[in-house]
Amino acid sequence: AKACGKNVYKMFDRKMNEHATERVTLLSDLRLALERDEFVLHYQPKVDLLTGNVTSVEALVRWMHPRLGMLAPDKFIRLSEESGFIVELTDWVLRTACSQAKKWQEQNLGSVRVAVNLSPYHFQRQDVKEAILSVLEATGLEPALLEIEITESALMQNDEYTCALFRELRELGMTISVDDFGTGYSSLSYLHRFPINTLKIDRTFILNMMKSTEDQAIVTAIIAMAKSLNMQIVAEGVETVDQLEKLKDQGCHEIQGFLVSRPVAADAVTEFFTPENHL
Ligand code: C2E
Ligand code: CA
Ligand code: CA
Ligand code: CA
């Protein structure tokens, strides 16, 4: 048994080393990836259930890794956050998304906002606001066409500072959305203190809504609460017509999910900008 334990330990040790090596490699790759232009943004539309119009498109980053192929954000966002690289990456995402939105506007494709995910780690940098403003200035995009998404859990970590920051961003005309809502257990009174425009109901509730009465009840409660606070509600991860119908009945304002479109390249998402094309 002892010998066996030793072997298991050796194997474990080797796996740990492999894992550590992989991380170090990925990390140095990450830093080069920006220079080598390996990141791309895909965009996923959010659709107003009353009008059928696209209100906003969420920018979602992908890494075209030369060896590993296309990497989803769950493969590199955490590492980017832990290493501090997230600040550079977010700057790139902001610049790319804003200049894209400006192009759409110049092509007369309508007033579609672009939504960018901000990592809580990013907030540790005290000049987030200045960074955002300099991107808006450089790209010529008006603040009203930029939406900032932050997760509910991130919101709960960075109380005072976040609150003040969001107030300023909103005064400038930007839209603030709370992502993955329902997973962070924030209370009504808590939420009320933040200058938030939109709640995005977390995908897991939408996924379970049709088979679990509890999840259905949570969705109903979130919608009622958001309405009482004059917030816009987006359901994320909508994949089926049944979910769509249920959300419509509940008075949900907007949906985002594979039912409308997967995240797609910039030129492909414009297809959804013409309201007659879908729903
Ligand atoms: P998120 O902000 O909650 O983004 C939505 C995720 O759900 C996206 O995954 C999207 O592809 C996926 N999704 C959308 N509709 C559906 C659906 O109907 N069904 C299912 N099963 N999934 C759906 P993705 O692109 O892999 O992004 C994962 C997460 O990575 C994002 O979650 C976000 O937290 C983070 N992320 C993505 N881009 C960025 C970025 O530029 N900066 C930062 N800080 N985080 C990012
Ligand atoms: Ca998001
Ligand atoms: Ca989300
Ligand atoms: Ca998520």
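Residues numbered from 1 in each chain as written. Chains lettered and ligands numbered in written order. Predicted model: local features only at pLDDT ≥ 70, side-chain atom pairs only at ≥ 80, totals over all residues. Heavy atoms only, no water.

Looking at an unreviewed UniProt entry, one finds the protein named Diguanylate cyclase/phosphodiesterase, HAMP domain-containing, with Citrifermentans bemidjiense as its source organism.

S.K.: For the coordination of the calcium ion (ligand 4), give the residues involved together with the corresponding values.
M.R.: Protein coordination of the calcium ion (ligand 4) is provided by Asp 180 (OD) and Asp 180 (OD), with donor distances spanning 3.0 Å. Distance-wise, the calcium ion (ligand 3) is placed 3.7 Å from the calcium ion (ligand 4), both being coordinated by Asp 180. Take Asp 180: it is sitting in strand β6 (residues 175–181). (Donors = N, O, S within 2.8 Å, 3.2 Å for Na, K, Ca; no water. Helix = DSSP H or I, 4+ residues; strand = E, 2+ residues; numbered from the N terminus.)

S.K.: So what's going on with the side chain of Ser 119? Which residues, and what values?
M.R.: Along the chain, Ser 119 turns up in the loop between β4 (113–117) and α4 (128–139). Only 2.8 Å separates the side chain of Ser 119 from the side chain of Glu 81, close enough to count as a polar contact. A polar side-chain atom of Ser 119 sits 3.1 Å from the main-chain amide nitrogen of Tyr 121. Setting aside chain neighbours within four positions, we find Ser 119 in contact with Glu 81 and Ile 86. (Polar contact = N/O pair within 3.5 Å; in protein donor to acceptor, adjacent residues only side chain to side chain. Contact = heavy atoms within 4.5 Å.)

S.K.: Describe the site of ligand 1, listing the residues and the values that go with them.
M.R.: Taken together, 20 residues lie near ligand 1, and Gln 44, Arg 62, Asp 179, Glu 239 and Phe 258 sit nearest. In this structure, an oxygen atom belonging to ligand 1 sits 3.2 Å away from a side-chain N or O atom of Glu 58. In the environment of ligand 1, an oxygen atom lies 2.8 Å from a nitrogen or oxygen atom belonging to the side chain of Arg 62. Those elements giving two or more residues to the shell around ligand 1 turn out to be β2 (54–65) and β6. Among the elements that make up the shell around ligand 1, the one with the highest residue count is β2 (4 residues). Looking at the shell around ligand 1 residue by residue, the classes come out as 8 nonpolar, 5 polar and 7 charged. (Near = heavy atom within 4 Å. Nonpolar A, V, L, I, M, F, W, Y, C, P; charged D, E, K, R; others polar.)

S.K.: Account for the packing of helix α9 (residues 213–228) against helix α10 (residues 241–250), naming residues and giving values.
M.R.: Packing of α9 against α10 leaves a shortest axis separation of 10 Å and a crossing angle of 40°. One way to sum up the angle between α9 and α10 is to call them oblique. Taken as a pair, α9 and α10 cross one another with a handedness that is right-handed. Contact residues: Gln 216, Val 219, Thr 220, Ile 223 and Lys 227 in α9; Lys 246, Leu 247 and Gln 250 in α10. Within the contact of α9 with α10, the residues separate by chemical class into 3 nonpolar, 3 polar and 2 charged. (Axes fitted to C-alpha atoms, helices over the stretch in contact; angles between N-to-C directions. Parallel < 35°, antiparallel > 145°, perpendicular 65-115°, else oblique. Left-handed = near helix turned anticlockwise from the far one by under 90°.)

S.K.: Go over the coordination of the calcium ion (ligand 2) with me, naming the residues and quoting the values.
M.R.: Taken together, Glu 58 (OE), Asn 117 (OD1), Glu 149 (OE) and Asp 179 (OD) make up the full set of protein donors to the calcium ion (ligand 2), lying 2.1 to 2.3 Å away. Expressed as a motif, the donor residue spacing for the calcium ion (ligand 2) is E-x58-N-x31-E-x29-D. Taken as a pair, the calcium ion (ligand 2) and the calcium ion (ligand 3) lie 4.2 Å from each other and share Asp 179 as a ligand. Of this pair, Glu 149 sits in strand β5 (residues 146–151) while Asp 179 is found in strand β6, placing the two residues 30 residues apart along the sequence. The buried category is assigned to Asp 179, whose relative accessible area is 7%. (Buried < 20%, exposed > 50% of the residue type's maximum accessible area, 1.4 Å probe, protein only.)

S.K.: Before we move on, can you summarise the packing of aromatic side chains with the specific residues and values?
M.R.: Going through the model one piece at a time under the given rule, you end up with 8 aromatic pairs. Judged by centre distance (5.1 Å) and plane angle (75°), the rings of Tyr 43 and Trp 104 are edge-to-face. Taken together, the positions of Tyr 43 in strand β1 (residues 39–48) and Trp 104 in helix α3 (residues 86–106) put the pair 61 residues apart, joining distant regions of the chain. For the pair Tyr 43 and Trp 104, a shared accessibility class is recorded, and that class is buried. Three or more aromatic residues joined by ring pairs form one cluster here, namely Phe 39, Trp 63, Phe 76, Phe 85 and Trp 92. (Phe/Tyr/Trp six-rings, centres within 6.5 Å; stacked < 30°, edge-to-face > 60°.)

S.K.: Describe the pairing of β1, naming the residues involved and giving the relevant values.
M.R.: Counting buried positions over the 10 residues of β1 gives 9, a clear majority of the element. Counting the residues between successive antiparallel strands, the hairpin from β1 to β2 contains 5 residues, one of them, Gly 52, with a positive phi of roughly 80°. With 3 bridges joining them, β1 and strand β9 (residues 254–256) adopt antiparallel strand pairing. From the neighbouring strand, Lys 46 faces β9, where its bridge partner is Gln 256. (Pairing = 2+ DSSP bridges.)

S.K.: Can you explain α4? Please cite residues and give values.
M.R.: An ideal rise of 1.5 Å per residue puts 16 Å on 12 residues; α4 measures up with 17 Å between its terminal C-alpha atoms. Buried residues of α4: Val 128, Ala 131, Ile 132, Val 135, Leu 136 and Thr 139, and no others. Buried residues of α4, seen end-on, are gathered within an arc of 135° and therefore sit on one face of the element. Exposed and facing more than 90 degrees away from the buried side of α4 are Glu 137 and Ala 138. In the stretch just after α4, Gly 140 is the one whose phi turns positive, near 75°. (Expected span 1.5 Å × (residues − 1). Arc of directions from axis to C-beta.)

S.K.: An account of the pairing of strand β8 (residues 232–236) is requested, with residue identities and associated values reported.
M.R.: When you tally the buried positions in β8, you get 4 out of 5 residues, the bulk of the element. One ladder, built from 4 bridges, connects strand β7 (residues 198–201) with β8; its direction is parallel. Bridged to Ile 201 within β8 is Ala 235. Across 3 bridges, the pairing between β8 and β9 is parallel.

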